[in-house]
Amino acid sequence: MKPGLLGAPHCGPQAAAARPPQDPVPVPGPSMKLIVGIGGVTNGGKTTLTNSLHKALPNCCVIHQDDFFKPQDQIAVGEDGFKQWDVLESLDMEAMLGTVRAWTEDPRKFARAHGVRLRPGAADSHVLLLEGFLLYSYKPLLDFYSQRYFLTVPYEECKRRRSSRRYTVPDPPGLFDGHVWPMYQKYKREMERDGVDVVYLDGTKSREELFHQVLEGVQNRLLNAP
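Residues numbered from 1 in each chain as written. Predicted model: local features only at pLDDT ≥ 70, side-chain atom pairs only at ≥ 80, totals over all residues. Heavy atoms only, no water.

Quick word on the overall build of the protein
Secondary structure summary: the protein contains eight helices and five strands in total. Listed by position from the N terminus, the elements making up the protein come as α-β-α-β-α-α-β-α-β-α-α-β-α. Out of the 226 residues in the protein, the part that is buried amounts to 38%. For the protein, the proportion of contacts with a sequence separation of at least 24, taken over those separated by at least 6, is 76%. Of the accessible surface of the protein, which amounts to about 13900 Å², a share of 53% is contributed by carbon and sulfur atoms. (Helix = DSSP H or I, 4+ residues; strand = E, 2+ residues; numbered from the N terminus. Buried < 20%, exposed > 50% of the residue type's maximum accessible area, 1.4 Å probe, protein only. Contact = heavy atoms within 4.5 Å. Areas by Shrake-Rupley, 256 points an atom, 1.4 Å probe, with all protein chains shown as cover.)

Quick look at the structure:
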């Protein structure tokens, strides 16, 4: 009944009894922000896994570390004679950190700005996937992760995959053995030495198996949120 159509609205117990029952106001569920790292060796399947998770998880955004490479003229040539693309200094990690912080401050605003459709519902849970080859070597980022995954692939398989990829700037001869693989081993040793807690994934497993393994881990974390 709209006030003014049939006199002033009634007050008191009788008015309350006359009102039709209404649905209860939905109570928001727990708010949770989950940051999941998908790191590891080059050509280990990081991007494929990340894209599959992005499609499957609600309210999910992605940040790719490769999007933060510095311009080519800022990449130094090392003692190995190669442009140092596979070192932390080749990346603008401060900019990446700032982007992660923007998501943590307002994941809804971040999602809308990046064209991510938010799923309506009582639970207000958001997932950010960070994908890259040196995710766990930049210490200011380490405390942001809720879960850290690390894909590994044996040397021969990794080299075979790398040689079959077509890059915008082709690999110069000897790059894999002279720079890419040694830098991967170096940063992996440092990660292990620093005691960074990661879940290792076998990159030789099928895409479906890896996807379901990680998806289950993320879903369990969301379901068991305090």
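Back to the text.
What to know about the layout of surface pockets
Of the pockets and cavities examined, the largest pocket occupies roughly 1000 Å³. Around the largest pocket, the lining comprises 43 residues; the ones closest to its centre are Thr42, Asp66, Phe69, Arg162 and Tyr167. Counting residues per element, the ones that place at least two in the lining of the largest pocket are helix H2 (46-56), helix H6 (155-164) and helix H7 (175-193). Looking at the lining of the largest pocket element by element, the count peaks at seven residues for H7. In terms of residue class, the lining of the largest pocket is made up of 19 nonpolar, 13 polar and eleven charged. (1 Å grid on protein atoms, 1.4 Å probe; cavity = no way out; pocket = protein on both sides within 12 Å on 5 of 7 lines; lining within 4 Å. Points joined across faces, edges and corners; volume = space filled by probe spheres on them. Nonpolar A, V, L, I, M, F, W, Y, C, P; charged D, E, K, R; others polar.)

A look at the environment of Glu190
Considering the arrangement of structural elements, one finds Glu190 in helix H7. In this structure Glu190 comes out as partly exposed when scored by relative accessible area, which is 23%. Taking the C-alpha atoms as reference points, Glu190 and Ser137, separated by 53 residues in sequence, lie 7.8 Å from one another.

Don't take any of this as a statement about function, it's just geometry.
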